[in-house]
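So the chains spell out like this:
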Amino acid sequence: MSPANRWLARGVAGFWLVNFLCLALLAIFWLVSLAGDPVSASQIAPPTPLPPSPTALIVLASPLDEPPTPLQPATATLIPTFTPTVPPTPTATPPPTATLEPSPTPAYTPTITPVPFASGPIVIGHSVAGRPIEVYRFGTGSTRRLIVAGIHGGSEANTIALANELIVYINDHPEVIPRHISLYILPSLNPDGAARGRGPIGRANENGVDLNRNWPHGWKQTWNRDGCWNILPITAGDYPASEPEVLALMTFIQYYNIEALISYHSAALGIFAGGYDYGPSVRLAEAVAEVSTYPWPPIDTGCEITGDLTDWAAAHRIAAIDIELSDHTHTDFNQNLDILRVFLNWQR
Ligand SMILES: [Zn+2]
């Protein structure tokens, strides 16, 4: 072998020796790695995310059809704010006693509007010809009393004048009404007769009916005219309470639970007690007679009374009287003011 070939042979052998040593080191390193702790998955570095593809960039860059999802508000605002509950202040509750009744608590407390002292006119109905039948109220007491005037119009129109004078007076002197009283005044029950004129022609209503003979107590279609008003033809109506004026007042008296009344007429015969011997009516007539010059007992002309307002009222336990003024002209105001005071303060 030539020297050159020997150096070549040594080079090749050295190359292979180095290779062998490297392989041997690799094998040893591998064996040592197997013998040590295994590499956990968490120690494996995650793959490097791919950069977004050009398509994804285009989608993100395109205009959004949907509005962006609103950002979540700050965490602090999501935490509900708690208002600390203040424990109720302990109140000393008296021990229940057997005699105490629990007072009912109203579920609804209405707003109380004060009732005015006076009101009216209240229209309680209409006459045959359609005229309103009006009532005025004074006072707010629970005891309700009534003055009726003009049940006979015409010659008795001075009773309407008296009622209107009393209305004016009470408006100016509300103290005349006791606290427990509500006084109602109906100035003209027969407005059609009153409109027809003063005198006998105005006595009946538009149907030719005497409104003080149409009440459903002792009603008669005909009666003995001796001693009675008989100047012009007049009837008692076709049946009791056939007339709208009577029906309106009858309904009013019952609805408002009137417990005493005066019906004014003229002229001259005095004070009549409804129901004849009905005690409350008689006692009211006696009380009124003490402050008036009107005859009591009344002058008896022998007239048969039928279908009378005060008799009907007495039959319904209402103290009721007729009062006839002195004539067909004057209102006898001062005397009837005294009667008013007695009437309002009278106790049945
Ligand atoms: Zn009369």
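The following paragraphs examine the structure supplied in this document. Please read all numbers here as calculations on a predicted model, not as lab measurements.

Attention now goes to the sheet that holds strand β1 (residues 118-126). Judged by pairing direction, the sheet is mixed, and its seven strands sit side by side in the order β1-β2-β4-β3-β5-β7-β6 without closing on themselves. Single-partner strands in this sheet number two, and they are β1 and β6 (271-273). For this sheet, the mean angle separating the axes of adjacent strands, direction not counted, is 20°. Two strands pair when backbone bridges link them, and strand β5 (residues 260-266) and strand β7 (residues 319-325) are joined in this way by seven bridges, in the parallel orientation. The partner of Leu 261 across the bridge, within β7, is Ala 320. Its contacts with the sheet put helix α7 (residues 279-289) on β5, β6 and β7, and the angle it makes with β7 is roughly 40°.

Attention now goes to the pairing of β1. Note: β1 against strand β2 (residues 132-138), six bridges, orientation antiparallel. Within β2, the residue paired with His 126 across the bridge is Pro 132.

What follows concerns the environment of Thr 251. As for its placement among the helices and strands, Thr 251 is situated in helix α6 (residues 244-255). Separated by 126 residues in the primary sequence, Thr 251 and Gly 125 place their C-alpha atoms 9.6 Å from one another.

Criteria and thresholds
Residues numbered from 1 in each chain as written. Predicted model: local features only at pLDDT ≥ 70, side-chain atom pairs only at ≥ 80, totals over all residues. Pairing = 2+ DSSP bridges. Helix = DSSP H or I, 4+ residues; strand = E, 2+ residues; numbered from the N terminus. Axes fitted to C-alpha atoms, helices over the stretch in contact; angles between N-to-C directions. Contact = placed C-beta atoms within 7 Å.

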